[in-house]
Amino acid sequence: MATVQQPPVPVGAVRPNDHLCFVFGDERERAAVTAAFVRDGVQWHDKVIYIAEDDGPALARVRETLSGAGIDVDGLTATGQLMIIPADLVYMIDGYFDIDRTVAMMDALIEQSGVEGYRLLRVTGETGWVPRHGITMAQIVAYEQAVSPLAVGGKVLALCQYDHRAFAAADMAEVDAAHNGRAAENAQFEDGELVILRRHGATPGLGLSGAVGDTGHSPLAQALKAALADGAETDQDLHVDMSGLDFIDLEGLRLLMATRQDLSDGRSLHLERPAAHVRRVIRMAGWDTLDSFRSTAPDFRHQVCVYGSDEEFLAMALPFVEEGFRLGEPVLAATTSANLELLTEALGEQADRLDFAETAYFGRRPPQRVAAFERYWRHSSAPDGGGTSRANGAARRRHVRIIAEPVWAGRSRAEAAAWKQMESQLNALLTDTDIWMICPYDSRIAGPDVLADALRTHPQRIDGTRISASDDYLEPVHFRAQSPAAAPLDPPPTRAARLCWSSPASGSARLRGFVADHAMKLGLERERAELLVLAVAEVARLLGHAAAEAEADAEAGIPDVPESPEARETPGEAPGTPEAPEPSGSTATVAIWSGARTVSVELTQPGPRPADSVLDDPTLGYRLPRPDGPRPGEGLWLARQICESVEVRASATGCTVRMELAGARAEELRQREAPFPS
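Residues numbered from 1 in each chain as written. Predicted model: local features only at pLDDT ≥ 70, side-chain atom pairs only at ≥ 80, totals over all residues. Heavy atoms only, no water.

(A) The arrangement of the overall build of the chain in detail. Tallying secondary structure elements over the chain gives 21 helices and 25 strands in all. Scored against the burial criterion, the 678 residues of the chain give a buried share of 52%. Counting only contacts in the chain whose residues sit at least 6 apart along the sequence, the fraction spanning at least 24 positions is 76%. (Helix = DSSP H or I, 4+ residues; strand = E, 2+ residues; numbered from the N terminus. Buried < 20%, exposed > 50% of the residue type's maximum accessible area, 1.4 Å probe, protein only. Contact = heavy atoms within 4.5 Å.)

Printed below as a string of structure tokens:
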């Protein structure tokens, strides 16, 4: 019989004629499966035979296990429905193992169970007796092959137990081939979208398959809590097999990361075989370093240095870096290659203590730049962070120092405006940190408007070592108010594929499947398509929550946000062929289409905007997600990390978010981005 390459069958899903191999790694796993097997047999009115490996401790263990699972062992054995028999009385009659005799006995027991009026014979046998009696694996495999033909006609169901600690892997491959599948523990949770399985043995924890969306958060949290408690009893690490997951949202990942933080007793969380896009999201969020998310003594400093020569750059940079070294503070220089060469030459032997990155690739777009700053701060703030170790393990440092030179050459007007807004918003985004950031501006390259705005977006300026307040500085909200209003978006083209829904469907398989299918058809490679699916699901959740808040405000009598002059209603849906639209008076839509070198996705959620809407926050979508609780705009954060551009248009009648991804050159550009710190 050939080995059937299929997923294990949950013990609750076994069927008549199944001859299954159950491979386990500890007694907890065996108890869970065998108790469920026996309990189901009793409920189905099957004759149940449990063959224990000996007539002493094993027999007592089996009775205790079944009784502990709520099975009336004494009552069932008295009626004859349950028989617990030591292996020697089945396999080793007269002191030797006779395959033909044992098969004949099983055949007779099958017939007898029918005569007694049972549905079928349900039998499970332990194999601990095999090595004790010197039985070879060839004999066991021959027996399993000989007994398999009895599993026909719907009269028997067999579960053969093998402890993988007692048998070689090569032997187990032959045993597998003699069965028509493997059995496993019942799912801890299953709802048609997510399946959570418990794992035991050498890598205890959970196995996840399907999708973790809105409905999966609570079951996953409960399963993680139970697995944590079980592992604490044995002081074992927690393993989560993610190989079967098609989708997991940010909240699902947050639960895993929060669990990692809860393992404060020396144990570790191992995320096994996550998809490539999931690993990338974890890195982008900085969740691969979880030790620090808020400074215990926040002191963010943001200064501008306008320089016009190499000497002026070094007059600022060299003292700043050397003082950081003396104080045991991590120092990062993200500047031009020419400036990096100047600085490393001036530092001499100390240069190897400097973290550095060529600024053009340290976050190619403003959202990525912000994330790179915070990731570096988290990495450096960790107890074993690279900056601390290079600083000779100083007991207490005051700051994480960063020289961060923006790139202005080659920027379009829109790109320059976005970078100026980022410089301003850093004053709000990094206030929880102890970063001391100096932003050099080369007056030989930057234009007058850039230099003027540099003084408006930095509270202080530095010349050499002299620090002074910037008289032109504007708080982020005031700087943003002076910026030109965003232009209205053109409607999607008529060729765009569309999906409509009448109720919040942010985590629905339908929405995810629609975006995934069309993204692949439009040429996105698999990892980018999966990231886009996650971003769309998170943005849809954000818009759905905003719409729900607006409805709650309306019921409470709170007025909507009035239409502002610069806010325009998104143009109506362009004519086209919607995909399975749902009738509704308030229909949300997603549209996806490709341009010459781009793939675009637009989400539109109609309905009034609530007062004090999160959609009005200029920092929305720029803050890194944190594992200790969701923050508004995390869907936009993910979208901003993976997309070339994200446009948000909120009005009194609804909100539209348009995401645009680069096409053919996207992978090339992604690989060129500096991975530090990864």
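(B) Seen up close, the sheet that holds strand β10 (residues 205-212). On the basis of which strands lie adjacent, the open sheet formed by five strands has the order β8-β9-β10-β11-β12 and mixed pairing. Either end of the sheet is taken by a strand with one partner, and the two such strands are β8 (189-190) and β12 (269-272). Examined bridge by bridge, strand β11 (residues 238-248) and β12 share four bridges and lie parallel to one another. Along β12, the bridge assignment pairs aspartate 241 with glutamate 272. (Pairing = 2+ DSSP bridges.)

(C) Quick look at the pairing of strand β5 (residues 121-125). The buried count for β5 comes to five of five residues, which makes it a mostly enclosed element. Covered by surrounding structure in β5 are Leu121, Val123 and Gly125 together with Arg122 and Thr124, the residues of both alternating faces. Across five bridges, the pairing between strand β3 (residues 47-52) and β5 is parallel. Opposite tyrosine 50, over in β5, you have threonine 124 as the bridge partner. Sheet analysis places β5 next to strand β6 (residues 156-163), joined by five bridges and oriented parallel. Directly across from leucine 121, in β6, lies its bridge partner valine 156.

(D) A look at the pairing of β10. Extensive coverage of β10 is indicated by the burial of seven of its eight residues. By the bridge criterion, six bridges tie strand β9 (residues 194-199) to β10 in an arrangement that is antiparallel. Across the sheet, leucine 194 pairs through a bridge with glycine 210, a residue of β10. If you look at the hairpin formed by β9 and β10, you'll find five residues sitting between the two strands, and glycine 201 has a positive phi there, around 80°. In the classification by handedness, the crossover that spans β10, the intervening helix α8 (residues 217-234) and the parallel β11 is right-handed. (Right-handed = clockwise from strand over helix to strand, strands pointing away.)

(E) Structural detail: the packing of aromatic side chains. All told, the structure shown has eleven aromatic pairs when counted by the stated rule. Ring centres 5.8 Å apart and planes at 65° place the aromatic pair phenylalanine 97 and tyrosine 143 in the edge-to-face group. On the criterion of sequence distance, the pair formed by phenylalanine 97 in the loop between β4 (82-86) and α4 (99-115) and tyrosine 143 in helix α6 (residues 137-147) is long-range, its members being 46 residues apart. Like phenylalanine 97, the residue tyrosine 143 is buried in the burial classification. Every member of this aromatic cluster is reached through a ring pair, and the members are Tyr91, Phe97, Trp129 and Tyr143. (Phe/Tyr/Trp six-rings, centres within 6.5 Å; stacked < 30°, edge-to-face > 60°.)

(F) The packing of helix α13 (residues 366-381) against helix α20 (residues 634-642), seen in detail. Direction vectors running N to C along α13 and α20 enclose 110°, while the axes themselves pass 8 Å from each other. For the element pair α13 / α20, the angle class is roughly perpendicular. Contact with α13, carried on its side by Pro367, Gln368 and Ala371, involves Trp637, Arg640 and Gln641 of α20 and no other residues of that element. Looking at the contact of α13 with α20 residue by residue, the class counts come to three nonpolar, two polar and one charged. (Axes fitted to C-alpha atoms, helices over the stretch in contact; angles between N-to-C directions. Parallel < 35°, antiparallel > 145°, perpendicular 65-115°, else oblique. Nonpolar A, V, L, I, M, F, W, Y, C, P; charged D, E, K, R; others polar.)

(G) Representation of unusual backbone geometry in the model. Even without glycine at this site, histidine 45 takes up a positive phi of about 60°. Within the fold, histidine 45 resides in the loop between α1 (27-43) and β3. Positive phi is not limited to glycine here, since arginine 273 has a value of about 55°. Along the chain, the position of arginine 273 falls in the loop between β12 and α10 (276-284).

(H) Seen up close, the sheet that holds β5. The parallel open sheet is built from five strands, whose spatial order is β2-β6-β5-β3-β4. Here the strands that pair on one side only, and so sit at the sheet edges, are β2 (19-24) and β4. Taking each pair of neighbouring strands and ignoring which way they run, the sheet shows an average axis angle of 15°. On the sheet, α1 packs against β2, β3, β4, β5 and β6 and is oriented at approximately 150° with respect to β2.

(I) Quick look at helix α16 (residues 448-457). Looking only at α16, the buried set comprises Val450, Leu451, Asp453, Ala454, Leu455 and Thr457. The inward-facing, buried residues of α16 abut β13 (301-307), α15 (413-429), β17 (435-442), β18 (460-463) and α17 (476-481).

(J) Quick peek at the pattern of salt bridges. Taken as a whole and assessed by the stated rule, the structure comprises 38 salt bridges. The shortest N-O distance in the salt bridge between arginine 541 and glutamate 538 comes to 2.9 Å. Linking arginine 541 with glutamate 538, this pair stays in helix α19 (residues 526-556), spanning three residues, or about one helical turn. One exposure class covers both arginine 541 and glutamate 538, and it is buried. Here the salt bridges do not stand alone but share partners, grouping Glu27, Arg30, Glu53, Arg61 and Glu126 into one network. (Salt bridge = Lys/Arg side-chain N within 4 Å of Asp/Glu carboxyl O.)

(K) A look at the packing of helix α11 (residues 310-326) against helix α12 (residues 337-347). Two elements in contact, α11 and α12, have axes whose closest approach is 10 Å; the angle formed by their N-to-C orientations is 55°. With respect to α12, the element α11 is oriented oblique. Remark: the crossing between α11 and α12 carries right-handed chirality. Contact residues: α11 offers Asp310, Phe313, Leu314, Ala317, Leu318, Val321, Glu322 and Phe325, while α12 offers Asn339, Leu342, Leu343, Ala346 and Leu347. Split by residue class, the contact of α11 with α12 holds ten nonpolar, one polar and two charged. (Left-handed = near helix turned anticlockwise from the far one by under 90°.)

(L) View of the nonpolar core. Within the largest apolar cluster, 73 residues are counted, with the highest numbers of intra-cluster contacts made by Leu253, Leu603 and Met659. Considering every element that reaches this core, the biggest residue donor is α19, with 13 residues. If near-sequence neighbours (up to four positions away) are discounted, leucine 253 is found in contact with Met242, Ile248, Val278, Val281, Ile282 and Trp287. Grouped together as the second largest cluster of nonpolar side chains are 32 residues, Ala87, Leu150, Cys160 and Met172 included. (Core = buried A, V, L, I, M, F, W, Y, C linked by side-chain atoms within 4.5 Å.)

(M) Up close: the confidence of the model for the chain. Per-residue pLDDT for the chain has a mean of 84; in total, 85% of the residues score no lower than 70. Between residues 386-396, whose pLDDT stays under 50, and residues either more than four places distant or in other chains, the model counts 20 contacts. A low-confidence stretch, residues 560-585 stays under pLDDT 50, and its non-local contacts, those more than four residues away or across chains, total 55 contacts. (pLDDT = per-residue confidence, 0-100.)

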